[in-house]
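Below are the chains, spelled out letter by letter.
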Amino acid sequence: MPDLVLWDIDHTLMATRGVGGELWAEAFEQVTGVPLREQASVTGSTERVILRETARTHGVDYDEALFTRFADALGAAHVRRAAELRERGHALPGAAASLAALAERGVRQSVVTGNVRAAAEVKLAVFGLDAYLLLDDGAYGEDGEERPELLRQALVRAGAGAERAVFLGDTPADVAGGRAVGVRVVAVATGKTPASDLKDADVVLDSLVDTAQVLAVVQA
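Residues numbered from 1 in each chain as written. Predicted model: local features only at pLDDT ≥ 70, side-chain atom pairs only at ≥ 80, totals over all residues. Heavy atoms only, no water.

(A) The overall build of the protein chain, seen in detail. Counting its regular elements, the protein chain contains nine helices and seven strands. Taking the principal axes of its C-alpha atoms as reference, the protein chain extends roughly 50 × 35 × 35 Å. Put simply, 65% of the contacts in the protein chain that link residues at least 6 apart link residues at least 24 apart. Summing over all exposed atoms, the protein chain offers an accessible surface of approximately 9200 Å²; the carbon and sulfur share of this is 48%. Taking the average place of the 22 positive charges on the side chains of the protein chain and the average place of its 33 negative ones, the gap between the two points comes to 1 Å. (Helix = DSSP H or I, 4+ residues; strand = E, 2+ residues; numbered from the N terminus. Contact = heavy atoms within 4.5 Å. Areas by Shrake-Rupley, 256 points an atom, 1.4 Å probe, with all protein chains shown as cover. Lys, Arg positive; Asp, Glu negative; His and termini not counted. Charge placed at Lys NZ, Arg CZ, Asp CG, Glu CD.)

Structure (structure tokens):
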């Protein structure tokens, strides 16, 4: 088994079924005073990048203070609407079983996600996934703009070498980020990206439904 398994969150472990987008729009209008017309592309990106590009298209000046206010507002919105998130969203099939099986084998697990930490914590908690994860070892939207930055930060926090770590994600950005830092990458085709576009990963899974298969590819 590896020393550390890192997980992307959205579309790898769970789906928010539209709630995430609603909360994002709510936080954007709260901190900018401008109703959201169109959000920048979110697939594989981080909140910092999404906010900067969305602000630009709305004629709003972006700076670090704006991101800090937005992160606070987005986290608070997730807390307020946690019950709705639980009702409308769901953990993806096999996610909890895969996390539990790795935890039972003593594998340290955390997350690498473009979500701000407060939002990530709510999402994981409402679906009961946080119990398997050492969240202080992870990396979040506050920690950088691109996946390699986040992965390196998580490795440092966990005190793990890249050669003994595995990263599971669902986007080409996840795959490229893992390659850039030298971690083994398992792509899961449960998001918007078809399996054929994730072929640069070490392994591509259709889903996490087969727990034995997940364990096998993680420890290969």
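Alright, that's what it looks like, and here's the rest.
(B) Local environment of the pairing of strand 1 (residues 4-7). Taking every second residue as pointing to the same face, both faces of strand 1 are buried, with L4 and L6 on one and V5 and W7 on the other. Bridge count between strand 1 and strand 4 (residues 108-111): four bridges; the pairing is parallel. Bridged to V5 within strand 4 is Q109. One ladder, built from four bridges, connects strand 1 with strand 5 (residues 165-169); its direction is parallel. Of the residues in strand 5, the one forming a bridge with W7 is L168. (Buried < 20%, exposed > 50% of the residue type's maximum accessible area, 1.4 Å probe, protein only. Pairing = 2+ DSSP bridges.)

(C) A look at the sheet that holds strand 5. Strand order across the open sheet formed by five strands is 4-1-5-6-7, with parallel pairing between neighbours. Edge positions in the sheet fall to strand 4 and strand 7 (203-205), since each has one partner strand and no second. Recorded for the sheet is a direction-independent mean angle of 20° between the axes of neighbouring strands. Strand contacts of helix 8 (residues 172-181): strand 5 and strand 6 (184-188), with the helix running at about 175° to strand 6, the strand carrying the most contacts. (Axes fitted to C-alpha atoms, helices over the stretch in contact; angles between N-to-C directions.)

(D) Spotlight on the side chain of S98. Tracing the chain through its elements places S98 in helix 5 (residues 95-104). Take S98: its relative accessible area is 1%, and that puts it in the buried class. Residue contacts for S98: discarding those within four places in its chain leaves W7, L208, T211 and V214.

(E) Seen up close, the pattern of salt bridges. Under the definition given, this model contains 19 salt bridges. The closest approach of N and O atoms between R117 and E121, which form a salt bridge, is 2.7 Å. Note that R117 and E121 are positioned in helix 6 (residues 117-126) at a spacing of four residues, about one turn of the helix. Given a relative accessible area of 25%, R117 falls into the partly exposed group. With a relative accessible area of 32%, E121 lands in the partly exposed category. Put simply, E22, E26, R80, R81, E84 and R88 are held in one network by salt bridges that share partners. (Salt bridge = Lys/Arg side-chain N within 4 Å of Asp/Glu carboxyl O.)

(F) Geometry of unusual backbone geometry. With phi around 70°, H11 is a residue other than glycine that occupies positive phi space. Note on placement: H11 falls in the loop between strand 1 and strand 2 (14-15). Residue H11 is classed as partly exposed on the basis of its relative accessible area, which comes to 31%. Backbone geometry at R17 places phi at a positive 55°, although glycine is not the residue there. Take R17: it is sitting in the loop between strand 2 and helix 1 (19-32).

(G) Geometry of the packing of aromatic side chains. For the structure on display, the rule yields two aromatic pairs. Consider the rings of W24 and F28, whose centres lie 5.6 Å apart with planes at 15°: the pair is stacked. Taken together, the residues W24 and F28, both in helix 1 and four residues apart, mark about one turn of the helix. Residue F28 is classed as buried on the basis of its relative accessible area, which comes to 0%. (Phe/Tyr/Trp six-rings, centres within 6.5 Å; stacked < 30°, edge-to-face > 60°.)

(H) Region of the structure containing the nonpolar core. Formed by 52 residues in total, the largest nonpolar core has its most connected members in W7, L124 and L168. Looking at which element gives the most residues to this core, the answer is helix 3 (residues 64-80), with seven residues. Ranked by size, the runner-up nonpolar core spans 20 residues in total, among them A139, L150, A162 and F167. (Core = buried A, V, L, I, M, F, W, Y, C linked by side-chain atoms within 4.5 Å.)

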